[in-house]
Amino acid sequence: MVKLTQRLGGLVLRFAAFCAALGAVIAMITSRERSSFFVLSLVAKYSDLAAFKYFVIANAIVSVYSFLVLFLPKESLLWKFVVVLDLIVTMLLTSSLSAAVAVAQVGKRGNANAGWLPICGQVPRFCDQITGALIAGLVALVLYVFLLIVSIHHVVDPFLLRKS
């Protein structure tokens, strides 16, 4: 019964991580807003910034990986490899979220030293949608940290029991 509960808990965590990563992708790729000021027109979209593209690609990879692992049979020897892949996915999510948050921060506050002006005053809906995508990405990252801990526990625990 304990094994079934652990397996079910892991699947629920993986499904939640899948939903969060997919939500981050959807929120980011649908973020677009046009703003006009007299004759000047500003179109803000995620694809204009490399960090946001990286965020979308990383979360798309995580979504596909999470979806595929949901259907991995519990008897499969690939579960030992899943620990390594969970670690890689966690690092990928960390790096993409860090890059996207840094760019979003500059977009929100600007950088007076570099002469970059904030744009969120002109395109607030775009910035709000980016913020939502980043929050979903953070949720996916936190879930993957928990998944990594659970995965390591499942692989290391039987090894430690054999030693005693």
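These numbers come from a predicted model, not from an experiment. (Residues numbered from 1 in each chain as written. Predicted model: local features only at pLDDT ≥ 70, side-chain atom pairs only at ≥ 80, totals over all residues. Heavy atoms only, no water.)

### Quick word on a nonpolar patch on the surface
1) Next: On the surface, L78, F81, V84, L87, I88 and M91 cluster together to form a nonpolar patch covering roughly 550 Å² of accessible area.
2) Next: Inspection of the secondary structure assignment puts V84 in helix α3 (residues 79-109). (Patch = residues over 30% accessible without salt bridge, like charges linked within 9 Å, V, L, I, M, F, W, Y side chains within 5 Å. Areas by Shrake-Rupley, 256 points an atom, 1.4 Å probe, with all protein chains shown as cover. Salt bridge = Lys/Arg side-chain N within 4 Å of Asp/Glu carboxyl O. Helix = DSSP H or I, 4+ residues; strand = E, 2+ residues; numbered from the N terminus.)

### Let's talk about the packing of helix α2 (residues 50-70) against α3
1) Next: Two numbers describe how α2 lies on α3: the axes approach to 9 Å, and their chain directions differ by 155 degrees. One finds that α2 runs roughly antiparallel with respect to α3. Note that α2 runs across α3; the crossing there is left-handed.
2) Next: Among the residues making up the contact of α2 with α3, the classes are represented as 20 nonpolar, three polar and one charged. (Axes fitted to C-alpha atoms, helices over the stretch in contact; angles between N-to-C directions. Parallel < 35°, antiparallel > 145°, perpendicular 65-115°, else oblique. Left-handed = near helix turned anticlockwise from the far one by under 90°. Nonpolar A, V, L, I, M, F, W, Y, C, P; charged D, E, K, R; others polar.)

### Considering the side chain of S66
1) Next: Inspection of the secondary structure assignment puts S66 in helix α2.
2) Next: Leaving out residues up to four positions away in the same chain, S66 has contacts with R14, F18 and Y144. (Contact = heavy atoms within 4.5 Å.)

### Overview of the packing of aromatic side chains
1) Next: If you walk through the whole model with that rule in mind, you get four aromatic pairs.
2) Next: When the ring of F18 is compared with that of F67, the centres are 5.6 Å apart and the planes differ by 40 degrees; the resulting orientation is tilted. Here F67 lies in helix α2 and F18 lies in helix α1 (residues 2-29), a separation of 49 residues in the sequence.
3) Next: Accessibility expressed as a relative area gives 15% for F18, which makes it buried.
4) Next: Under the relative-accessibility criterion, F67 is labelled partly exposed at 39%. (Phe/Tyr/Trp six-rings, centres within 6.5 Å; stacked < 30°, edge-to-face > 60°. Buried < 20%, exposed > 50% of the residue type's maximum accessible area, 1.4 Å probe, protein only.)

### A look at the UniProt feature "transmembrane region" (unreviewed entry) in the protein
1) Next: In this structure's numbering, the residues bearing the UniProt feature "transmembrane region" (unreviewed entry) are residues 12-31, 51-72, 84-107 and 133-156.
2) Next: End C-alpha atoms of residues 51-72 are separated by 32 Å, and the span's content is 91% helix alongside 0% strand.
3) Next: As annotated, residues 133-156 comprises 100% helix and 0% strand, and the C-alpha atoms at either end are separated by 34 Å. (UniProt positions renumbered as here; feature names shortened; annotations may be inferred.)

### Overview of the pattern of salt bridges
1) Next: One pass over the structure, following the stated rule, counts one salt bridge.
2) Next: Of the charged contacts, one joins D86 and R14 as a salt bridge, the two residues approaching to 2.7 Å between their closest N and O atoms. Residue D86 is found in helix α3, and its partner R14 is found in helix α1; the two are separated by 72 residues along the sequence.
3) Next: With relative accessibility at 3%, the residue R14 sits in the buried group.

### Quick look at the side chain of E33
1) Next: Tracing the sequence through the fold places E33 in strand β1 (residues 32-37).
2) Next: No salt bridge is formed by the buried E33; its nearest oppositely charged neighbour, R125, is found at 4.3 Å.
3) Next: Among the polar contacts listed, one links the side chain of E33 to the backbone nitrogen of R125, at a separation of 2.9 Å.
4) Next: A polar contact of 2.8 Å, which involves the side chain of E33, links it to the backbone nitrogen of F126.
5) Next: Every residue in contact with E33, bar those within four places of it in the chain, is listed here: L42, V43, A44, Q122, V123, P124, R125 and F126. (Lys, Arg positive; Asp, Glu negative; His and termini not counted. Polar contact = N/O pair within 3.5 Å; in protein donor to acceptor, adjacent residues only side chain to side chain.)

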